[in-house]
Amino acid sequence: MRLLVFGETGQVARELARKAAGRGHRLESLGRGAADLTDPAACAAAVTASAADAVINAAAYTAVDQAEAEPSIAHTVNAEAPGAMARAAAARGVPFLHMSTDYVFDGSADRGWKESDATGPLGVYGQTKLAGEHQIAAADGRHVILRTSWVFSAHGRNFVKTMLRLGLEREEISVVDDQRGGPTPADDIAQTLLLLAEGLSAGRPGGTFHYAGAPTVSWADFAEAIFDAAFPTRKPRIRRIPSSAYPTPARRPANSALDCTRIRETHGIGQPDWRAGLARVLKELESAQ
Ligand SMILES: NC(=O)C1=CN([C@@H]2O[C@H](COP(=O)(O)OP(=O)(O)OC[C@H]3O[C@@H](n4cnc5c(N)ncnc54)[C@H](OP(=O)(O)O)[C@@H]3O)[C@@H](O)[C@H]2O)C=CC1
Ligand SMILES: Cc1cn([C@H]2C[C@H](O)[C@@H](COP(=O)(O)OP(=O)(O)O[C@H]3O[C@@H](C)C(=O)[C@@H](O)[C@H]3O)O2)c(=O)[nH]c1=O
Ligand SMILES: [Mg+2]
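Residues numbered from 1 in each chain as written. Chains lettered and ligands numbered in written order. Predicted model: local features only at pLDDT ≥ 70, side-chain atom pairs only at ≥ 80, totals over all residues.

Considering the nonpolar core
Now for step 1: Counting residues in each nonpolar core, the largest one holds 84 residues, and the members touching the most others are Val 5, Leu 16, Cys 43, Val 55, Ile 56, Met 85 and Leu 193.
Now for step 2: Setting aside anything within four residues of it in sequence, one finds Val 5 in contact with Ala 13, Leu 16, Leu 27, Glu 28, Ser 29, Leu 30, Ile 56 and Ala 58. (Core = buried A, V, L, I, M, F, W, Y, C linked by C-beta atoms within 7 Å. Buried ≥ 20, exposed ≤ 12 C-beta atoms within 10 Å, placed from the backbone. Contact = placed C-beta atoms within 7 Å.)

Here it is in structure tokens:
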């Protein structure tokens, strides 16, 4: 397939570019210079001008705390631009694939969140991502909204890389232990998006799907696993703290685990084990040194 991808430097965008050829796809990535998401009309025009068989949006405003101070930019990038892309893709009759987030939920459930559960974002990032979902659904074309969580890779900004940096600098690191979710390797997300693009083109059902890594952990558990794997001989101590002891501009959900049954039953795609993804990322970072 010919694939048009918004985003070039992001975690998922990079992994898409790496994987596409191996599955026989021709992929064109549009970075910020070619398509700026603060200009939704330009993004729509890029879709309209393209001969792609499917469009994937891997660009987003992902700075959760900064979004609290820039709600208007976050809304344009996370809601207006994807909406404009989805309408242009629908007009061309090609599938549109997009990612959303566990942060559309308020975190109050005592089980994994299902696609049908009520949303209730706690901050601007989650609100704007949810508004994007609504615009895409309203465009009424074939589409996938893949809600994922806690994305990590060897590139860009993510919790794994932050912990590796802090682990070198400090003896002890305080990490919140009352927010739980599923870390998800970016390469597994890219693979899943390609499978879904192929599936949609073959007439399989679209819609909203949850896709997150297993097992569910707290950020402190995740940090522990990162240190176990990366610093076996000189492991930094982790102080497990409540969120109240780590104040941030944006509130984050306490339980953001995603129930991933639907994507398994509809598309045969299972949850990745993030521990295997973590090992791959550490190996990649090591060989890059
Ligand atoms: N990261 C995470 O933990 C999670 C992410 N998601 C979702 O998954 C998707 C992929 O996220 P991820 O790969 O982590 O993203 P990253 O934060 O790694 O990258 C964001 C990408 O968006 C681009 N971008 C931001 N603003 C603009 C703009 N105005 N115009 C053009 N490009 C822009 C960035 O480009 P540049 O380098 O030029 O800034 C970058 O390529 C997003 O939809 C995100 O909301 C969902 C759950 C968790
Ligand atoms: C750096 C650090 C963070 N934390 C906490 C803060 C926060 O509650 C949690 C994670 O911090 P981060 O800033 O890495 O994560 P955050 O930016 O909230 O990550 C989110 O990004 C967006 C894009 C998503 O869609 C979400 O799925 C999620 O991945 O860990 C500590 O407790 N100690 C620390 O030293
Ligand atoms: Mg962050």
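Focus on helix 7 (residues 219-230)
Now for step 1: Taking 1.5 Å per residue, 12 residues should reach 16 Å; helix 7 reaches 16 Å between its end C-alpha atoms and fits that length.
Now for step 2: Residues of helix 7 that are buried in the fold lie against helix 5 (159-169), strand 7 (172-176), strand 11 (217-218), strand 12 (237-241) and helix 9 (274-288). (Helix = DSSP H or I, 4+ residues; strand = E, 2+ residues; numbered from the N terminus. Expected span 1.5 Å × (residues − 1).)

Focus on the site of ligand 1
Now for step 1: In the vicinity of ligand 1 there are 26 residues, among which Thr 9, Gly 10, Gln 11, Ala 60 and Val 151 approach most closely.
Now for step 2: Sorting the residues of the shell around ligand 1 by element identifies helix 1 (11-20) and strand 4 (96-101) as the ones contributing at least two each.
Now for step 3: Looking at the shell around ligand 1, its residues break down into 12 nonpolar, 10 polar and 4 charged. (Near = placed C-beta within 6 Å. Nonpolar A, V, L, I, M, F, W, Y, C, P; charged D, E, K, R; others polar.)

Observations concerning the environment of Thr 148
Now for step 1: Structurally, Thr 148 is set in strand 5 (residues 143-148).
Now for step 2: Taking the number of C-beta atoms within 10 Å as the measure of exposure, Thr 148 has 24 and is therefore buried.
Now for step 3: Taking C-alpha positions, Thr 148 is 23 Å from Asp 36, a pair spaced 112 residues apart along the chain.
Now for step 4: Non-local contacts of Thr 148, meaning those with residues more than four positions away in its chain, are made with Met 99, Thr 184, Ile 189, Tyr 211 and Ala 212.

Quick notes on the pairing of strand 2 (residues 26-30)
Now for step 1: With 5 bridges joining them, strand 1 (residues 2-6) and strand 2 adopt parallel strand pairing. Bridging from a neighbouring strand, Arg 2 pairs with Arg 26 of strand 2. (Pairing = 2+ DSSP bridges.)

Structural notes on the environment of Asp 221
Now for step 1: Position of Asp 221 among the secondary structure elements: in helix 7.
Now for step 2: Using a count of 17 C-beta atoms within 10 Å as the deciding quantity, one classes Asp 221 as partly exposed.
Now for step 3: For the pair formed by Asp 221 and Ser 201, sequence separation is 20 residues and the distance between their alpha carbons is 39 Å.

Things to note about the site of ligand 2
Now for step 1: Contacts to ligand 2 come from 20 residues, most closely from Thr 62, Val 64, Thr 101, Phe 159 and Val 176.
Now for step 2: When its residues are assigned to classes, the shell around ligand 2 shows 11 nonpolar, 7 polar and 2 charged.

Some thoughts on the UniProt feature "domain: RmlD-like substrate binding" (unreviewed entry) in the protein
Now for step 1: Listed under "domain: RmlD-like substrate binding" (unreviewed entry) in the UniProt record, and renumbered for this structure, are residues 1-285.
Now for step 2: The distance from the first to the last C-alpha atom of residues 1-285 is 31 Å, and the span holds 41% helix and 17% strand. (UniProt positions renumbered as here; feature names shortened; annotations may be inferred.)

Some thoughts on the sheet that holds strand 2
Now for step 1: Read from one edge of the open sheet, 6 strands run 2-1-3-4-5-10, paired in parallel fashion. Both edges of this open sheet fall to strand 2 and strand 10 (207-210), since each of them pairs with a single strand only. Sheet twist, expressed as the average angle between the axes of neighbouring strands with direction ignored, equals 20°.
Now for step 2: As judged from the 4 bridges shared by strand 1 and strand 3 (residues 54-57), these two strands associate in the parallel manner. Following the sheet pairing, Leu 4 is matched in strand 3 by Val 55.
Now for step 3: Sheet contacts for helix 1: strand 1, strand 2, strand 3 and strand 4; angle to strand 2, the most-contacted strand, approximately 155°. (Axes fitted to C-alpha atoms, helices over the stretch in contact; angles between N-to-C directions.)

Let's talk about the environment of Gly 132
Now for step 1: Summarising the element assignment, Gly 132 is placed in helix 4 (residues 124-139).
Now for step 2: In this structure, the C-alpha to C-alpha distance between Gly 132 and Asp 259, residues 127 residues apart in sequence, is 21 Å.
Now for step 3: Each residue touching Gly 132, except ones within four places of it in the same chain, is listed here: Asn 78, Ala 79, Pro 82, Gly 83 and Ser 100.

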